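Each chain, letter by letter, is given below.
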Amino acid sequence: RALPTEAAQGDAGCVLVDYFARYPIRSVSAAGADAPVGALNGHYRVSFENGNSVTVDSDGELALWRDPASPARARLRGRLGINDYVARVIDREGSAEQPEAAKALAIAARSYLQQNATQAEGCQQIADSSATQRVSPTRASAGARAAALWTDQLIIAGPSVRYHRDTPAPNTLVWRDAQAQAAGQMRFDEILNHAFPGAQLSTLSDSSGLACTPLAGAEAWLARELPRWQRRLRTEPGYEAPATRPAICQLALGSPYSEQSRNRIYVRGLATRDDRITIAHEFVHLGLRNHPRGQDEDYVEQLARRLIDYRLETQ
């Protein structure tokens, strides 16, 4: 009787959410005692410097930490699957009262994430803020979760995506209008076409929406190295081999990173030992995507260097 009646659906990718980015946190407590740094499990009260407070609940997806640059200030970070993130945006920015409007908002929120998130620890990273997207710090409602799962992987290809509660603008989903359109029997795709004229639906795995220029030499090198790496990585707690060999894509700007949702690694090339270590580093992030050590940059870097230096005796 204590077991769930059905298995939870998978949620590809991950999003690091910096909660309450614009509101300094004074304390996080449970049952009258300050919460320790680390993963949070249970119900907590978050008190802010401005005197306000909110209650949050967490099953380990939220964590309390302190920035080394300002250790006196508490920070709250969430590590969410992409669909869980989208569902929480629906609850915070809209509602699931009109399912077709909720589907349209889910696709807009997922598209905004892809266009505006940065990369960190093998995940996308974005702030919980009115300047980006507000994200509920509590478990997503059943209706919002259903809308996120129904639209799994779907994004808008082409225009920069925005949405607003009640103010029309080009390429902007107006939530008030979307609800009225859904009440008038409009489907989610019709709602999106009204907000983003001429835009096409795409998917996270469709390179026409988010391009990947393959680095054939790096992919061939990874294919040769993987059997040796796999023998070494199988001894690592939490390691899960990606279902398929990751694509290695040309990085145009910024720092190298990996994308769990599309099983891709973005690097500049394969010219030096440091380039090889970088590919190994991002591969380790993919392999430890569901383990806390996958968030430890020092550990991931040390393991990547051991992979590059690792030589198995000829059998």
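Bear in mind the structure is a predicted one, so any value in this text is a computation, not a measurement.

What counts as what
- Residues numbered from 1 in each chain as written.
- Predicted model: local features only at pLDDT ≥ 70, side-chain atom pairs only at ≥ 80, totals over all residues.
- Heavy atoms only, no water.
- Core = buried A, V, L, I, M, F, W, Y, C linked by side-chain atoms within 4.5 Å.
- Buried < 20%, exposed > 50% of the residue type's maximum accessible area, 1.4 Å probe, protein only.
- Helix = DSSP H or I, 4+ residues; strand = E, 2+ residues; numbered from the N terminus.
- 1 Å grid on protein atoms, 1.4 Å probe; cavity = no way out; pocket = protein on both sides within 12 Å on 5 of 7 lines; lining within 4 Å.
- Points joined across faces, edges and corners; volume = space filled by probe spheres on them.
- Nonpolar A, V, L, I, M, F, W, Y, C, P; charged D, E, K, R; others polar.
- Pairing = 2+ DSSP bridges.
- Axes fitted to C-alpha atoms, helices over the stretch in contact; angles between N-to-C directions.
- Parallel < 35°, antiparallel > 145°, perpendicular 65-115°, else oblique.
- Left-handed = near helix turned anticlockwise from the far one by under 90°.
- Contact = heavy atoms within 4.5 Å.
- Disulfide = S-S within 2.5 Å.
- Salt bridge = Lys/Arg side-chain N within 4 Å of Asp/Glu carboxyl O.
- Expected span 1.5 Å × (residues − 1).
- Bend = angle between axes of the 7 residues up to and from the residue.
- Phe/Tyr/Trp six-rings, centres within 6.5 Å; stacked < 30°, edge-to-face > 60°.
- Lys NZ or Arg CZ within 6 Å of the ring centre and 35° of its normal.

Caption draft 1: Local environment of the nonpolar core. Tyr85 and Leu173 are the most contacted members of the largest nonpolar core, which totals 54 residues. In terms of residues, this core owes the most to one element, helix H2 (residues 99-116), which gives ten residues. Counting 24 residues, the second-largest nonpolar core is a separate cluster that includes Leu215, Ile248, Ile277 and Leu307.

Caption draft 2: Expanded view of the layout of surface pockets. The calculated volume of the second largest pocket comes to roughly 330 Å³. Lining the second largest pocket are 17 residues, with Phe20, Tyr23, Phe48, Arg92 and Asp128 sitting closest to its centre. The dominant element in the lining of the second largest pocket, judged by the number of residues it contributes, is strand S5 (residues 53-66), at three residues. Per-class residue counts for the lining of the second largest pocket are seven nonpolar, six polar and four charged.

Caption draft 3: Broad picture of the pairing of strand S2 (residues 25-30). With four bridges joining them, S2 and strand S4 (residues 38-48) adopt antiparallel strand pairing. From the neighbouring strand, Ile25 faces S4, where its bridge partner is Phe48. Pairing analysis gives two bridges linking S2 to strand S3 (residues 33-34), with the strands arranged antiparallel. Considered in S3, the bridge of Ala30 is made with Ala33. What sits between S2 and S3 in their antiparallel hairpin is a turn of two residues, with Ala31 showing a positive phi close to 55°.

Caption draft 4: Here's a closer look at the packing of helix H6 (residues 216-233) against helix H8 (residues 297-309). Packing of H6 against H8 leaves a shortest axis separation of 10 Å and a crossing angle of 110°. The orientation of H6 with respect to H8, classified from their angle, is roughly perpendicular. H6 and H8 meet at a crossing whose hand is right-handed. On H8, the residues that touch Trp221, Trp229, Arg232 and Leu233 of H6 are Leu303, Arg306, Leu307 and Ile308. Split by residue class, the contact of H6 with H8 holds six nonpolar, no polar and two charged.

Caption draft 5: Structural detail: the state of the cysteines. Here the structure, examined in full by the defined rule, presents one disulfide. Here Cys14 pairs with Cys123 through a disulfide, and the sulfurs are 1.9 Å apart. In this structure, the disulfide formed by Cys14 and Cys123 twists by about -100° around the S-S bond and is classed as left-handed. In this pair, Cys14 is assigned in the segment before strand S1 (15-19) and Cys123 in strand S8 (residues 123-127), connecting sequence segments 109 residues apart. Each member of the pair Cys14 and Cys123 is classed as buried.

Caption draft 6: Inspection of the pattern of salt bridges at higher detail. Taken as a whole and assessed by the stated rule, the structure comprises 14 salt bridges. Of the charged contacts in the structure, one is a salt bridge between Asp309 and Arg273, with a shortest N-O distance of 2.9 Å. With Asp309 in helix H8 and Arg273 in helix H7 (residues 273-287), this pair connects stretches of sequence that are 36 residues apart. Here Asp309 falls in the partly exposed class, since its relative accessible area comes to 48%. Salt bridges sharing common partners tie together Asp57, Asp59 and Arg139.

Caption draft 7: Structural detail: H6. When the terminal C-alpha atoms of H6 are compared, their 24 Å separation across 18 residues agrees well with the 26 Å that a helix rising 1.5 Å per residue should span. Leu226 marks where H6 bends most, by close to 45°; the proline Pro227 follows one to four residues later. Among all positions of H6, only Ala218, Trp221, Leu222, Glu225, Leu226, Trp229, Gln230, Arg232 and Leu233 are buried. For H6, the elements touching its buried residues are strand S13 (247-250), H7 and H8.

Caption draft 8: Summary view of the packing of aromatic side chains. Under the definition given, this model contains seven aromatic pairs. Here the aromatic rings of Trp150 and Phe188 are separated by 5.2 Å at their centres, their planes lie at 75°, and the arrangement is edge-to-face. A residue pair is termed long-range when its members are at least 10 positions apart, and Trp150 in helix H3 (residues 142-150) and Phe188 in helix H5 (residues 188-195) qualify at 38 residues. The interplanar angle of 15° and the centroid separation of 4.8 Å between the aromatic rings of Tyr257 and Tyr266 together place this pair among those described as stacked. Summarising the burial analysis for this pair, Tyr257 and Tyr266 share the class buried. Among the aromatic side chains, those forming a connected cluster through ring pairs are Tyr19, Phe20, Tyr23 and Phe48. Seen from the ring of Trp150, Lys103 lies directly overhead, with NZ or CZ sitting 3.8 Å from the centre. Directly above the ring of Tyr299 sits Arg293, whose terminal nitrogen or CZ lies 4.4 Å from the centroid.

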